[in-house]
Amino acid sequence: MADMRAFREAVTGWATGGPGAAARDLAESSGVRVAVLVEGLSDLAAVEALATRRGRDLAAGGVCVVPMGGAMSIGGYAALLGPPGLGLHLTGLCDEAEQGFYERGLRRAGAPLRDIHVCRADLEDELLRALGIPGVEEIFRAEGDFRSWQTFLRQPAQHDRSPHQQARRFLGTRKGRKIRYGRLLAEALAPDRTPGPLDDLLASL
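All figures in this text were calculated on a predicted structure; none of them were measured in a lab. (Residues numbered from 1 in each chain as written. Predicted model: local features only at pLDDT ≥ 70, side-chain atom pairs only at ≥ 80, totals over all residues. Heavy atoms only, no water.)

Trainee: Before we move on, can you summarise the pairing of strand β2 (residues 63–67) with the specific residues and values?
Mentor: By the criterion of burial, β2 is predominantly enclosed, with five of the five residues buried. On β2, burial covers both faces: Val-63, Val-65 and Pro-67 on one face and Cys-64 and Val-66 on the other are all buried. Across five bridges, strand β1 (residues 34–38) lies against β2 in parallel orientation. Bridge pairing in β2 places Ala-35 opposite Cys-64. (Buried < 20%, exposed > 50% of the residue type's maximum accessible area, 1.4 Å probe, protein only. Helix = DSSP H or I, 4+ residues; strand = E, 2+ residues; numbered from the N terminus. Pairing = 2+ DSSP bridges.)

Trainee: Explain the environment of Leu-201 to me, using residue names and the numbers behind them.
Mentor: Here Leu-201 lies in helix α10 (residues 196–204). For Leu-201, a relative accessible area of 0% corresponds to the buried category. Note: C-alpha distance between Leu-201 and Asp-115 (86 residues apart in sequence) is 8.0 Å. Not counting chain neighbours up to four residues away, the residues in contact with Leu-201 comprise Val-36, Val-47, Thr-91, Gly-92, Leu-93 and His-117. (Contact = heavy atoms within 4.5 Å.)

Trainee: Run through the pairing of strand β4 (residues 116–119), naming residues and quoting values.
Mentor: Consecutive side chains of a regular strand alternate in pointing toward one face of the sheet and then the other. Strand direction decides the pairing type here: strand β3 (residues 89–95) and β4, joined by four bridges, are parallel. If you follow Asp-95 over to β4, its bridge partner there is Cys-119. For the handedness criterion, the β-α-β arrangement of β3, helix α5 (residues 99–108) and β4 is classed as right-handed. (Right-handed = clockwise from strand over helix to strand, strands pointing away.)

Trainee: Mind laying out the sheet that holds β2, listing which residues take part and the relevant values?
Mentor: With parallel pairing, the four strands of this open sheet are ordered in space as β2-β1-β3-β4. The open sheet terminates on both sides in strands that have one partner only, identified here as β2 and β4. The mean inter-strand angle of the sheet, taken between neighbouring strand axes irrespective of direction, is 15°. Bridging between β1 and β3 involves five bridges; their strand directions are parallel. (Axes fitted to C-alpha atoms, helices over the stretch in contact; angles between N-to-C directions.)

Trainee: So what's going on with the pattern of salt bridges? Residues and values would help.
Mentor: Using the criterion set out here, one finds 10 salt bridges in the structure. The partner of Glu-48 in a salt bridge is Arg-8, and the shortest N-O contact between them spans 3.4 Å. Here the residue Glu-48 occupies a position in helix α3 (residues 41–53), and Arg-8 occupies one in helix α1 (residues 2–15), the gap between them amounting to 40 residues. Its relative accessible area of 11% is what places Arg-8 among the buried residues. (Salt bridge = Lys/Arg side-chain N within 4 Å of Asp/Glu carboxyl O.)

Trainee: Just give me the short version of the layout of surface pockets, but keep the residues and values in it.
Mentor: Any empty space left between the atoms is revealed when a probe the size of a water molecule rolls over them. Taken as a whole, the largest pocket holds about 160 Å³ of empty space. In terms of lining, the largest pocket is formed by Glu-39, Gly-40, Leu-41, Ser-42, Asp-43, Asp-95, Asp-122, Leu-123, Glu-124, Lys-178 and Ile-179. When residues of the lining of the largest pocket are traced back to their parent elements, those giving at least two are α3, α6 (123–142) and α9 (177–187). For the lining of the largest pocket, the element with the most residues is α3, which contributes three residues. When grouped by side-chain class, the residues that make up the lining of the largest pocket number three nonpolar, two polar and six charged. (1 Å grid on protein atoms, 1.4 Å probe; cavity = no way out; pocket = protein on both sides within 12 Å on 5 of 7 lines; lining within 4 Å. Points joined across faces, edges and corners; volume = space filled by probe spheres on them. Nonpolar A, V, L, I, M, F, W, Y, C, P; charged D, E, K, R; others polar.)

Trainee: Describe in detail the packing of aromatic side chains, supporting the description with residues and values.
Mentor: Applying the stated criterion across every chain, the model contains six aromatic pairs. With a centroid separation of 5.0 Å and 65° between ring planes, the pair formed by Phe-140 and Phe-170 is classed as edge-to-face. Of this pair, Phe-140 sits in helix α6 while Phe-170 is found in helix α8 (residues 163–171), placing the two residues 30 residues apart along the sequence. Taken individually, Phe-140 and Phe-170 each receive the classification buried, so the pair is uniform in this respect. Ring plane angle 85° and centroid distance 5.3 Å describe the contact between Phe-140 and Tyr-181, whose orientation is recorded as edge-to-face. Taken together, the positions of Phe-140 in helix α6 and Tyr-181 in helix α9 put the pair 41 residues apart, joining distant regions of the chain. Phe-140 gets classed as buried once you look at its relative accessible area, which sits at 0%. Members of the aromatic cluster, joined through ring pairs, are Phe-140, Trp-149, Phe-152, Phe-170 and Tyr-181. (Phe/Tyr/Trp six-rings, centres within 6.5 Å; stacked < 30°, edge-to-face > 60°.)

Pasting the structure below:
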């Protein structure tokens, strides 16, 4: 796991203008064969948490989940990690609205488009729908966030929103909360309630 973390950090540095030697060396020494390109850290947390719950050791299988800091970075990451660069197999998870960025970036890198797994709105939306609001509230309660959630619901701006919209907004109201709940919501999924895009992604690895 430490090697994959180091590889991920080296790739981020490379993608932002740094040298690529460390990423190349770590890819070889760590046996990386697949890069899962995701938009952000909450996606990383959810994918890794669900893999762990299913008894999958992604690092042992040569799989590294790489958060890019936004879908518009896909072109650069695909060029570095795909056929023009390290030659890794590329797959990814993206929001429906960002699918075009993924398709263009992978196409330019000569990577297959069939390996894009698309969430209806975003991964948080998929997780919330899979768990349902009562299930999500139980997690808020277990994490000590239920009182904050109730206070949030009393805000005038939330009164015209659906419970689902309120929950999505709540996850983004404090720094780090979206990442933490990306992991927690994924860990709470029943095997038969896993969102299709996430289930299909793990099945492809």
